[in-house]
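Coordinate analysis (summary)
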Amino acid sequence: MFQNLGTLVLLAIAFPLNCIVVLTSLLWSFIKQPFNKSIVVNPNSKNILIAGARMTKTLQLARSFHAAGHRVIIIDIEKYWLSGNKYSNSVAGFYTVPDPSKDLEGYVETLHAIANTEKIDFFIPVAIFSVIHYDQGKPPLPDCVEFFHFDADVTKILDDKFAFAETARSFGLSVPKSFKITDPEQVLNFDFSQEKRKYILKSIPYDQVRRLNLTKLPCDTKSETAAFVKSLPISEENPWIMQEFIPGKEYCTHTTARDGESRMYCCCESSAFQVNYENVDQREIMQWASHFTKELGKTGQLSFDFIQAEDGTVYAIECNPRTHSAITMFYNHPGVADAYLGKEPLAESLQPLPDSKPTYWLYHEVWRLNEIRSFKQLQTWVRNIRRGKEAIFEVSDPLPFLMVHHWQIPLLILDNLRRLKGWIRIDFNMGELIE
């Protein structure tokens, strides 16, 4: 109760400042409207449907498609009817759909109805929707709608950390040693004495809480190892992967692929809770991602996590077959829409423009102020804000910045308060509470 009430008070304190910024931006946009360039008219305009309305990456895609003259509709599951991104001037419509993990039939029926009503041409699922494996691999929309995503079989392989590692290995690419674990005894009976490196355990089904636990195995004693392993929900139905832990620098990437061609790519330094993105040039990682994409030969989106070892070798840790939030770095790139919609090969994969600033989420950065313990840390914090760009805020489209922080998130917190339920953190990027 105190956690929820305290957070609501802090958001209430920030509300007037946010209002001033947003109202000033709206006034400025109104004043300069007569001097703006004419609206883009695209003779090949398409109706784009994007699933995952609560997320910043959906907002970024909507803005990119809208800027290229397309019409964008966004959807989300019924829990997120309160999406703040639906107030963006890049969004022409918003719908809620049943959660496909609970009511797949209802979800498909609703999608068909939306597609017919809005005359949808193109569908991009960005998150939870992209890991639902449809019966017989059929897309959940009419044949006239292009479904920009891998088929069910490929999605299942990419979303399975162990299956992905085996697939990458078969392509001749470097991945850590990996073992599929369906019983704690497999770990307890494993001969670690023959290994040069330690190992970590990760849930194969996405676990937003335990994914941050990087306990090295074996522990100092057998009893500690046994206690840790037996505390995890490992079973045939909930398999885990035991993966070699390779010390080094972590990176994350996004790739938009069409028929095996990497059409859009970016790479950033990574962290356990990633909410800052700055493009870096790592040729070895780009070559790895491009090689995998070409060998796979499919259409969809790939988010890779990498470790670059001290000797320079690049290892892919896992792959998520969905949009990465790092695409916020393409906020000023005019070619994003064509990277998804175009059929002609590109001369080279699109990357963030040289003048693209690092992206961050202001409310996350403000929260980080409580971690600052020195003047030097404060200077670094100020420098990061000054040289970067807020991922949600746009002067020409400011309402999502107000509505995500002071409508969407507060209503989610109020719902938790009603249920007397706590949470681990607020993710303003994903637009949800991590419980």
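Treat the numbers as computed from the prediction; the structure is a model and nothing was measured.

1. Digging into the pairing of strand β10 (residues 261-269)
- Most of β10 sits out of view: 7 of its 9 residues are buried.
- Relative to β10, strand β9 (residues 248-258) is paired through 8 bridges, and the arrangement is antiparallel. Looking at β10, one finds that Y251 is bridged to E269.
- Taking the residues that link successive antiparallel strands as the turn, the β9-β10 hairpin has 2 residues, and the phi of D259 there is positive, at about 50 degrees.

2. Considering the nonpolar core
- Counting residues in hydrophobic clusters, the biggest one holds 57 residues, and the most contacted among them are I50, L61, F65, I124, M264 and Y340.
- Looking at this core, the elements that each hand over two or more residues are α1 (2-32), β1 (47-51), α2 (56-67), β2 (71-77), β4 (122-125), β10, α9 (336-341) and α12 (399-418).
- Top contributing element to this core by residue count: α12, with 8 residues.
- If you count residues domain by domain, this core takes at least three from each of domain 1 (39-148) and domain 3 (248-356).
- Ignoring any residue separated from it by four or fewer positions in sequence, one finds Y340 in contact with L61, F65, F122, I124, F148, H254, T256, R258, M264, Q301 and T323.

3. A closer look at a negative patch on the surface
- A surface patch of negative charge is lined by E78, D103, E105 and E109.
- With respect to the helices, strands and loops of the structure, E78 is situated in the loop between β2 and β3 (93-97).
- Accessibility expressed as a relative area gives 47% for E78, which makes it partly exposed.

4. Details of the side chain of Q243
- Here Q243 lies in strand β8 (residues 240-244).
- A distance of 3.2 Å separates a polar atom in the side chain of Q243 from the backbone oxygen of I317.
- Residues within four places of Q243 in sequence aside, it is in contact with P176, K177, S178, K198, Y199, I200, K202 and I317.

5. With respect to the UniProt feature "transmembrane region" (unreviewed entry) in the protein
- Those residues carrying the UniProt feature "transmembrane region" (unreviewed entry) are residues 7-31 in this numbering.
- Secondary structure over residues 7-31 splits into 100% helix and 0% strand, and the C-alpha atoms at its two ends are 36 Å apart.

6. Brief notes about the sheet that holds strand β7 (residues 199-203)
- Strands sit in the order β6-β8-β7 across an open sheet of 3 strands; the sheet is antiparallel. The open sheet has two free edges, formed respectively by β6 (178-181) and β7, since each of these has just one partner strand. Along the sheet, successive strands turn relative to each other by an average axial angle of 25 degrees, direction set aside.
- Pairing analysis gives 4 bridges linking β6 to β8, with the strands arranged antiparallel. Looking at β8, one finds that K180 is bridged to I241.
- Together, β6, β7 and β8 form the strand contacts of helix α5 (residues 161-170), whose direction differs from that of β6 by roughly 150 degrees.

7. Side note on empty space enclosed by the protein
- Tallying each qualifying case throughout the model produces 2 cavities of 30 Å³ or more.
- Around the largest cavity sit D159, K161, I204, P205, Y206, E318, C319, N320 and R322, which together line it.
- Top element by residues in the lining of the largest cavity is strand β13 (residues 314-320). It accounts for 3 residues.
- Taken together, the residues that form the lining of the largest cavity break down as 4 nonpolar, 1 polar and 4 charged.

8. Quick look at the side chain of T256
- Note that T256 resides in strand β9.
- Under the relative-accessibility criterion, T256 is labelled buried at 0%.
- Among the polar contacts listed, one links the side chain of T256 to the side chain of Y340, at a separation of 3.2 Å.
- The contact partners of T256, leaving out residues within four places of it in the chain, are F148, E261, S262, R263, M264, G300, Q301, A339 and Y340.

9. Comments concerning the domain arrangement of the protein
- Per the domain assignment, the segments making up the protein are domain 1 (39-148), domain 2 (177-244) and domain 3 (248-356).
- When each unit is reduced to the centre of its C-alpha atoms, the spacing between domain 1 and domain 3 is 22 Å.
- Between domain 1 and domain 3, the contact holds 19 residues from the first and 20 residues from the second.
- In total, domain 1 and domain 3 occlude about 1,500 Å² of area from one another, counting both sides; carbon and sulfur atoms represent 70% of this.
- It is K57, Q60 and F148 in domain 1 that bury the most area against domain 3; as a group they hold 41% of the surface buried on that side.
- Between the two partners, domain 1 and domain 3, sit 1 salt bridge.

10. A short note on the sheet that holds β13
- Read across the open sheet, the 4 strands follow the order β10-β9-β12-β13; overall the sheet is antiparallel. A strand with exactly one partner marks an edge of an open sheet, and here the two such strands are β10 and β13. For this sheet, the mean angle separating the axes of adjacent strands, direction not counted, is 25 degrees.
- Bridging between β9 and strand β12 (residues 300-309) involves 10 bridges; their strand directions are antiparallel. Paired with G248 across the bridge in β12 is A309.

11. Details of the environment of R425
- With respect to the helices, strands and loops of the structure, R425 is situated in strand β16 (residues 425-427).
- Between the alpha carbons of R425 and E435 there is a distance of 7.3 Å; along the sequence they are 10 residues apart.

What counts and what doesn't
Residues numbered from 1 in each chain as written. Predicted model: local features only at pLDDT ≥ 70, side-chain atom pairs only at ≥ 80, totals over all residues. Heavy atoms only, no water. Buried < 20%, exposed > 50% of the residue type's maximum accessible area, 1.4 Å probe, protein only. Helix = DSSP H or I, 4+ residues; strand = E, 2+ residues; numbered from the N terminus. Pairing = 2+ DSSP bridges. Core = buried A, V, L, I, M, F, W, Y, C linked by side-chain atoms within 4.5 Å. Domains from an automatic or database assignment. Contact = heavy atoms within 4.5 Å. Patch = residues over 30% accessible without salt bridge, like charges linked within 9 Å, V, L, I, M, F, W, Y side chains within 5 Å. Areas by Shrake-Rupley, 256 points an atom, 1.4 Å probe, with all protein chains shown as cover. Salt bridge = Lys/Arg side-chain N within 4 Å of Asp/Glu carboxyl O. Lys, Arg positive; Asp, Glu negative; His and termini not counted. Charge placed at Lys NZ, Arg CZ, Asp CG, Glu CD. Polar contact = N/O pair within 3.5 Å; in protein donor to acceptor, adjacent residues only side chain to side chain. UniProt positions renumbered as here; feature names shortened; annotations may be inferred. Axes fitted to C-alpha atoms, helices over the stretch in contact; angles between N-to-C directions. 1 Å grid on protein atoms, 1.4 Å probe; cavity = no way out; pocket = protein on both sides within 12 Å on 5 of 7 lines; lining within 4 Å. Points joined across faces, edges and corners; volume = space filled by probe spheres on them. Nonpolar A, V, L, I, M, F, W, Y, C, P; charged D, E, K, R; others polar. Buried area = accessible area lost by both parts, 1.4 Å probe.

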